[in-house]
Each structure stands twice: as structure tokens, then as C-alpha cells.
Amino acid sequence: DWSSDVCSSDLVLVTMLIVMILNVSWNFILGVASVWNFGQLAIYAVGGYGAGLIILHTSIPPAIAIIGGGLTGTALAVIISVPTLRLYGIYTSLLTFAAAEVVQLVIENDTTGTTGGNFGLPMVRNLFSSSMSPLWNERAWYWTCLGILILAVAGTALLTRTTFGLGLRTLRDSLPYGSARGIAPLRFRVTAFAISGFVAGVAGGLYTIYNGSISPTVMGLTPMSIYVTMLVIG
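Residues numbered from 1 in each chain as written. Predicted model: local features only at pLDDT ≥ 70, side-chain atom pairs only at ≥ 80, totals over all residues. Heavy atoms only, no water.

Enquirer: Sorry if this is basic, but what is going on with unusual backbone geometry here?
Expert: Note on backbone geometry: most residues besides glycine have negative phi, and most peptide bonds are trans. The backbone phi angle of serine 34 is positive, close to 60 degrees, even though this residue is not glycine. Looking at the secondary structure, you find serine 34 in the loop between α1 (8-32) and α2 (40-57). (Helix = DSSP H or I, 4+ residues; strand = E, 2+ residues; numbered from the N terminus.)

Okay, here's the thing in C-alpha cells:
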């Protein structure tokens, strides 16, 4: 029940920042590591579900649950990466897309009540105090998400300038050359998947807590098309 002093642009700005955090993670794995991963939204969603379930079933503060969402996203990213990175090109894209579809179907068809199926999770606690006015709640969310976005952008930018980042870019530009220079493609790219998965999971946790819930609609071909378009144009 939002008061009249909270305009729709506040809601749009916070959502925009969360999507930008997601796309920072996608740009790292797609643009820096050159892995055509189309399962990033599944990692994003699992991070959101992980954070939501932590809040629902434990007394852990939402801020810590966001980190838990990041770790959940990391775990799924590593699970997806190990088999897919043994393939190349279009086959990697197809397998990551198939893995994302499997994750979505598992969430939608859950009969245990854990994920809430098509209805999504029950309402979770907000990151900030309920005594805060709607306007200041939106402002707090805006600055929190902006700060996390800056950390994500700066962190991934600095990472690309390290020896690890140089190795990733070498593999991106010439896999045979990188391998010949002693760079282990599987190890480097699995690590890149894990880092990207953590950032995507954090974005998913922010989405769940900000909106109070999450449902399988955050995945699928339509949102993926929109976010990939944003990523490419950006």
C-alpha cells in the first residue's frame, strides 16, 4: 500500500538498477570470458529463491540472505558450467539454455510447496524497517542497489585487469594460443562462471526482497530476449 509521495519512477529506477547488476554478471561471462551462456536467468532466479527461502525459514537478516542468494547462484553456475564448458560454440549455448528450461520446469512443477510453483514464494521480509515511510524506503533501496551496482561494475572491471582477467581475455581471443601458453580453459572459465553466478544471485536476492516475492515469470524466453537486447545495445 504505497503512499502518494512515491511515484512510479522510483519503482522503475530500483528495478533498473537490479537488472543492471544482473547484466554486469552476464557481460562478464559473455563479453570477457566469451562463454555463450543463456542460462543466466536461471541462476538469477535460483539466487532469488535461495534468498527468499533463507528469509522464510530462518531468522537470518535479509541483508545476509542476499549474500546467501549469491552463494546459491554460484553453486548453480558451477553445476551448469562443468558439463557445458566441455562443449564449444553453439553447443554451449544450447546446453545452457536447456539447463535454464529444466530449472524453470522444476520450480513450476514443485509439489512440495518449497518454491510455491507457478504462484511463487510467499511474502518475505523487507530489507529495511517497516516503520520507514514508503518514500524513504524507496530512497534506501535506490542507494543500496546503486552502491551494489558500483561495486559489481568496479569489481569486474578490476578483475579483467588481473592475471586471471588477462587469461580469460586470451582464451576469448584465441583458445589454442591460450592453451599453448599454459592457461587451463576449463578451470579459468568455471571460475568465471562462479563469479558471474554470485553477482547474478545477488541481483536475484535483491529482486525477491524488493518485490516481496519471486515467481518463475522472471525466467523464460521473453525476459531473456529483453535482457540480452539491453546487454548488446549497452
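Enquirer: How do you make sense of the packing of α2 against helix α8 (residues 185-211) when you look at a structure like this?
Expert: Each pair of packed helices can be summarised by the angle the axes make with each other and by the distance between the axes. Look at α2 against α8: their axes get within 7 Å of each other, and the N-to-C directions meet at 55 degrees. With respect to α8, the axis of α2 lies oblique. For the pair α2 and α8, the sense of crossing is right-handed. Contacts between α2 and α8 involve Gln40, Ile43, Tyr44, Gly47, Gly48, Tyr49, Ala51, Gly52 and Ile55 on the former and, on the latter, Ser196, Gly197, Ala200, Gly201, Ala203, Gly204, Gly205, Tyr207, Thr208 and Ile209. (Axes fitted to C-alpha atoms, helices over the stretch in contact; angles between N-to-C directions. Parallel < 35°, antiparallel > 145°, perpendicular 65-115°, else oblique. Left-handed = near helix turned anticlockwise from the far one by under 90°. Contact = heavy atoms within 4.5 Å.)

Enquirer: Mind showing me how you'd approach the side chain of glutamine 40 here?
Expert: Residue position: glutamine 40 is located in helix α2. There is a polar contact of 2.9 Å between the side chain of glutamine 40 and the side chain of serine 25. Setting aside its immediate chain neighbours within four residues, glutamine 40 contacts Leu22, Ser25, Trp26, Ile29, Ser196 and Ala200. (Polar contact = N/O pair within 3.5 Å; in protein donor to acceptor, adjacent residues only side chain to side chain.)

Enquirer: Sorry, what's going on with the environment of leucine 11 here?
Expert: Here leucine 11 shows up in helix α1. What makes leucine 11 partly exposed here is its relative accessible area of 29%. Sequence separation of leucine 11 and leucine 95 is 84 residues, and the distance between their C-alpha atoms is 35 Å. (Buried < 20%, exposed > 50% of the residue type's maximum accessible area, 1.4 Å probe, protein only.)

Enquirer: Looking at this model, I keep getting lost on the packing of aromatic side chains. Mind explaining?
Expert: How two aromatic rings sit relative to each other is set out by the distance from centre to centre and by the angle between their planes. What the rule picks out here adds up to 6 aromatic pairs. Between the aromatic rings of tryptophan 141 and tyrosine 210, the centroid separation amounts to 5.2 Å while the plane-to-plane angle is 70 degrees, which identifies the pairing as edge-to-face. On the criterion of sequence distance, the pair formed by tryptophan 141 in helix α5 (residues 134-159) and tyrosine 210 in helix α8 is long-range, its members being 69 residues apart. Per residue, the accessibility class of tryptophan 141 equals that of tyrosine 210, and both read buried. (Phe/Tyr/Trp six-rings, centres within 6.5 Å; stacked < 30°, edge-to-face > 60°.)

Enquirer: Can you help me understand the pattern of salt bridges in this one?
Expert: If charged atoms from side chains of opposite charge come close, those side chains can pair. For the structure shown, the criterion picks out 1 salt bridge. Residue aspartate 173 pairs with arginine 172 through a salt bridge whose shortest N-O separation is 3.1 Å. Judged by its relative accessible area of 59%, aspartate 173 is exposed. In this structure arginine 172 comes out as partly exposed when scored by relative accessible area, which is 32%. (Salt bridge = Lys/Arg side-chain N within 4 Å of Asp/Glu carboxyl O.)

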